[in-house]
Amino acid sequence: MKKKFILLLCLSIALTVLLAAGRDYGSLQPHRSKAAFTNISRISADAQGAVYAIANSKRSLLKIDAEGVLIYETESNRDALEDTVQLYNSVAADEQGNAYVLLTILDSFGLKVSGERIIRLSPDGKKQTVLYEVEYPA
């Protein structure tokens, strides 16, 4: 009886340690703080030392703080119109931590530029404001 209790106690401690160590592997990564850089196009930095990177073949914008922690990652096709491809082309930042991004809108084949936007992203990346938009005739 005593051996079974000790074995059960050891197994439950081991299971607790394994679950605590791998708690983020089975989730949707709610506390994601790292991202892989692939196909980097542009990089910019702000006064606080945060880095803004256009990556993933111009489809993602990442903000990384001075300590190397991922603040946000946003996709260029977040609000894309039907039959269009949207790509980030350039990024700049101001003293408040806002990012200013040039977004190019292409046709569905990615051959013809049909418009451009300048977008301001809030420091946390949750709010996007279109500052300038132009559509080019066919």
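To be clear, the structure that these remarks concern was listed above.
Heads up: these notes are all about the structure in this document. Nothing here was measured: the structure is a model prediction, and the numbers come from that model.

1. Notes on the environment of Glu-135
You can see Glu-135 is positioned in strand β8 (residues 128-135). Along the chain, Glu-135 and Ser-114 lie 21 residues apart, while their C-alpha atoms are 5.8 Å from each other. Setting aside its immediate chain neighbours within four residues, Glu-135 contacts Ser-114 and Gly-115.

2. Some points on the sheet that holds strand β1 (residues 42-45)
Pairing is antiparallel in the open sheet, where four strands are placed in the order β1-β2-β3-β4. The open sheet terminates on both sides in strands that have one partner only, identified here as β1 and β4 (70-75). The mean angle between the axes of side-by-side strands here comes to 15°, regardless of whether they run parallel or antiparallel. The sheet contact formed by strand β2 (residues 51-55) and strand β3 (residues 60-64) spans five bridges and is antiparallel. For Tyr-52, the partnering residue across the bridge sits in β3 and is Lys-63.

3. Observations concerning the sheet that holds strand β5 (residues 84-93)
One open sheet holds the four strands; their spatial order is β5-β6-β7-β8, and the pairing between them is antiparallel. Looking at strand neighbours, the two that pair on one side only are β5 and β8, the edges of this open sheet. With strand direction ignored, the average angle separating the axes of adjacent strands in the sheet is 20°. Here strand β7 (residues 113-121) runs beside β8; their pairing, made up of seven bridges, is antiparallel.

4. Quick look at the nonpolar core
In terms of nonpolar packing, the biggest core is built from twelve residues, these being Ala-50, Tyr-52, Ile-54, Leu-61, Tyr-72, Tyr-88, Val-91, Ala-99, Val-101, Leu-103, Ile-119 and Leu-121. Secondary structure elements with two or more residues in this core: β2, β5, β6 (99-107) and β7. The element best represented in this core is β6, accounting for three residues.

Rules used throughout
- Residues numbered from 1 in each chain as written.
- Predicted model: local features only at pLDDT ≥ 70, side-chain atom pairs only at ≥ 80, totals over all residues.
- Heavy atoms only, no water.
- Helix = DSSP H or I, 4+ residues; strand = E, 2+ residues; numbered from the N terminus.
- Contact = heavy atoms within 4.5 Å.
- Pairing = 2+ DSSP bridges.
- Axes fitted to C-alpha atoms, helices over the stretch in contact; angles between N-to-C directions.
- Core = buried A, V, L, I, M, F, W, Y, C linked by side-chain atoms within 4.5 Å.
- Buried < 20%, exposed > 50% of the residue type's maximum accessible area, 1.4 Å probe, protein only.

Remember, this is a structural readout, not a statement about activity or role.
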